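Letter by letter, the chains look like this.
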Amino acid sequence: MWNDDCAHITRQVMCESITGGQPVGVSERFKTTIGGIVTWIELANPPAGGHLEVRWTLNGSTLFKEDITVDPQQRTLWSTLFPKSGRAFAPGTYEVEIAENGQVLSRHAFMIAP
């Protein structure tokens, strides 16, 4: 479904939170002490019943995966990565990718540092 030329991701940003459906604190660099990091995605012409796979990685190792069913009325969606309970994020270069049926539609790298 997402392979249709009319349905695609038009924008992906990293941010600290979401307010009113919009990204807040957009950045490419975050502190290890942040409580969570959000990837916010803007869609164009999403198909009914489309599924997106969100994969968060650090140095190529998967930290978290999430499957999202997309409503055709949705124009934005997001996924949040949280540190392990009681811990800070490990410093390094992280990446979040958005895919459909294994085909990567968008990829975004960001840094976490002390």
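Keep in mind that this is a model prediction, so the values were computed, not measured.

Parameters and conventions
- Numbering of residues begins from 1 in every chain and follows the order in which that chain's sequence is written.
- Only residues with pLDDT of at least 70 get local features here, since the model is predicted, and only at 80 or more are side-chain atom pairs given and counted; chain-wide, interface and lining totals rely on the full set of residues.
- Side-chain measures here rest on the full set of heavy atoms in the structure, leaving out hydrogens and waters.
- Numbering goes from the N terminus for both helices and strands, where a helix is a DSSP run of H or I of at least four residues and a strand is a run of E of at least two.
- We call a residue buried when its accessible area falls under 20% of the maximum for its residue type, exposed when it is over 50%, and partly exposed in between, using a 1.4 Å probe and counting protein chains only.
- For the purposes of these results, a polar contact is taken to be a pair of N or O atoms within 3.5 Å, where, inside protein, one atom must be able to donate a hydrogen and its partner to accept one; residues adjacent in sequence count only when each atom of the pair is a side-chain atom.
- What makes two residues a contact is simply this: any of their non-hydrogen atoms within 4.5 Å.
- Classification of ring pairs uses Phe, Tyr and Trp, with its six-membered ring standing for Trp, and accepts pairs whose centres are within 6.5 Å; under 30 degrees between planes counts as stacked, over 60 as edge-to-face, and the remaining range as tilted.
- A carboxyl oxygen of Asp or Glu within 4 Å of a side-chain nitrogen of Lys or Arg is what we treat as a salt bridge.

Next up on the list: the side chain of H108. With respect to the element layout, H108 can be found in strand β10 (residues 103-113). Taking the relative accessible area as the measure of exposure, H108 reaches 16% and is therefore buried. Among the polar contacts listed, one links the side chain of H108 to the backbone oxygen of Q12, at a separation of 3.4 Å. For H108, the contacting residues outside a window of four places in its chain are Q12, V13, M14, E28, Y94, E95 and V96.

Okay, the packing of aromatic side chains next. By the definition in use, this model includes four aromatic pairs. Aromatic pair F30 and F110: ring centres 6.0 Å apart, planes at 85 degrees, arrangement edge-to-face. Residue F30 is found in strand β4 (residues 29-31), and its partner F110 is found in strand β10; the two are separated by 80 residues along the sequence. Since its relative accessible area comes to 2%, F110 is described here as buried. Here the aromatic rings of W56 and F110 are separated by 6.0 Å at their centres, their planes lie at 85 degrees, and the arrangement is edge-to-face.

Counting across every chain of the model gives three salt bridges. Two residues, E95 and R107, come together in a salt bridge whose shortest N-O distance is 3.4 Å. Here the residue E95 occupies a position in strand β9 (residues 92-100), and R107 occupies one in strand β10, the gap between them amounting to twelve residues. A relative accessible area of 26% means that E95 is categorised as partly exposed. The exposure class of R107 is partly exposed, given its relative accessible area of 48%. E97 is paired through a salt bridge with R107; the nearest N and O atoms lie 3.1 Å apart. One end of the pair, E97, is in strand β9; the other, R107, is in strand β10, and ten residues separate them in sequence. Through salt bridges with shared partners, a single ionic network connects R55, E95, E97 and R107.

So yeah, pure geometry; function would need other evidence.
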